[in-house]
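Listed here are the chains, written in short residue letters.
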Amino acid sequence: MTAAYVYALVGTPEVLRIRLEALGQPLFHWAADEGGLRMGQGAPSDWRDQGAAFGPKGELRWWREGETFRALLLVDEPQPDLSPSLGEWSAVDQEFDLQNLRDMRIHPDFDQYPHNRHRGRMSTRIFYRNRVPVFISLRALKEGEKER
């Protein structure tokens, strides 16, 4: 296990956008509201009711509460200007196969993942607080599937 850091944030999309730099590149996002789910590369242009942006160094998850947003910043490096969430945080890397979007049993609102593929793998970090798993943090989209 490696060190990990979790921070709670409150603010406008502009306040949250500043934190995207801590996530590294390439950056991907998803954003959702009652009207649907949008995914893409880079920073979100439309901060919907909830969503996440992720890169190789971390993930920012947000949700709307009234006129403001709350967020969690899950990162690999400490952020000296923020106060960390309570507990002893650590993480371990894990990869997962993504659903094949051309499988007829699957009916999402999208036909490809943000890396422009209909299948692949997701690189994640599993975050533990006091040795208890709490979050699966998205990190990167990869081509291909694990050899079986």
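Structural data are supplied above this passage.
Anyway, here's the lowdown on the structure attached to this text. Just so it is clear, the structure is predicted and the values come from calculations on it, not from any experiment.

Here we look at unusual backbone geometry
- Of the consecutive residues Gln25 and Pro26, the connecting peptide bond is found in the cis state with omega at 0°.
- The phi dihedral of Asn130 falls on the positive side, at around 55°, and the residue is not glycine.
- One can find Asn130 in the loop between β9 (121-129) and β10 (132-142).
- Although it is not a glycine, Arg131 sits at a positive phi angle of roughly 70°.
- Structurally, Arg131 is set in the loop between β9 and β10.

Re the nonpolar core
- Leu16, Leu23, Leu60, Trp62 and Leu73 are the most contacted members of the largest nonpolar core, which totals 17 residues.
- Among the elements of the structure, β2 (5-11), β6 (58-65) and β7 (68-75) are those that each provide at least two residues to this core.
- Sort the elements by how many residues they give to this core and β7 lands first, with four residues.
- Residues Ala4, Leu72, Leu74 and Ala91 belong to the second largest nonpolar core, which totals eight residues.

Side note on the sheet that holds β6
- Read from one edge to the other, the open sheet built from six strands follows the order β2-β7-β6-β5-β3-β4, with strand pairing classed as antiparallel. This sheet does not close on itself; its edge strands, each paired only once, are β2 and β4 (36-41). This sheet shows a mean twist of 15° between the axes of neighbouring strands, independent of strand direction.
- Inspection of the sheet shows β2 paired to β7 by seven bridges, in the antiparallel sense. In the sheet register, Tyr5 faces β7, and the bridge partner there is Val75.

Structural notes on the sheet that holds β9
- In spatial order, the strands read β1-β8-β9-β10; together these four strands make up an open sheet with antiparallel pairing. The open sheet has two free edges, formed respectively by β1 (2-3) and β10, since each of these has just one partner strand.
- Bridging between strand β8 (residues 89-97) and β9 involves nine bridges; their strand directions are antiparallel. By the bridge assignment, Asp97 is partnered in β9 with Arg121.

Overview of the pattern of salt bridges
- Tallying each qualifying case throughout the model produces 13 salt bridges.
- Between Arg121 and Glu95 there is a salt bridge, with its nearest N and O atoms 2.9 Å apart. Here the residue Arg121 occupies a position in strand β9, and Glu95 occupies one in strand β8, the gap between them amounting to 26 residues.
- On the basis of relative accessibility, which here comes to 9%, the residue Arg121 falls in the buried class.
- When salt bridges that share partners are traced, they join Asp76, Asp93, Arg125 and Arg139 into one network.

Comments concerning the side chain of Glu59
- Mapped onto the secondary structure, Glu59 falls in strand β6.
- Here Ser137 takes part through its side chain, which lies 3.0 Å from a polar atom of the side chain of Glu59.
- Setting aside residues up to four positions removed in sequence, Glu59 forms contacts with Leu23, Ala52, Ala53, Phe54, Leu72, Leu73, Leu74, Ile136, Ser137, Leu138 and Arg139.

The rules behind each value
Residues numbered from 1 in each chain as written. Predicted model: local features only at pLDDT ≥ 70, side-chain atom pairs only at ≥ 80, totals over all residues. Heavy atoms only, no water. Helix = DSSP H or I, 4+ residues; strand = E, 2+ residues; numbered from the N terminus. Core = buried A, V, L, I, M, F, W, Y, C linked by side-chain atoms within 4.5 Å. Buried < 20%, exposed > 50% of the residue type's maximum accessible area, 1.4 Å probe, protein only. Pairing = 2+ DSSP bridges. Axes fitted to C-alpha atoms, helices over the stretch in contact; angles between N-to-C directions. Salt bridge = Lys/Arg side-chain N within 4 Å of Asp/Glu carboxyl O. Polar contact = N/O pair within 3.5 Å; in protein donor to acceptor, adjacent residues only side chain to side chain. Contact = heavy atoms within 4.5 Å.

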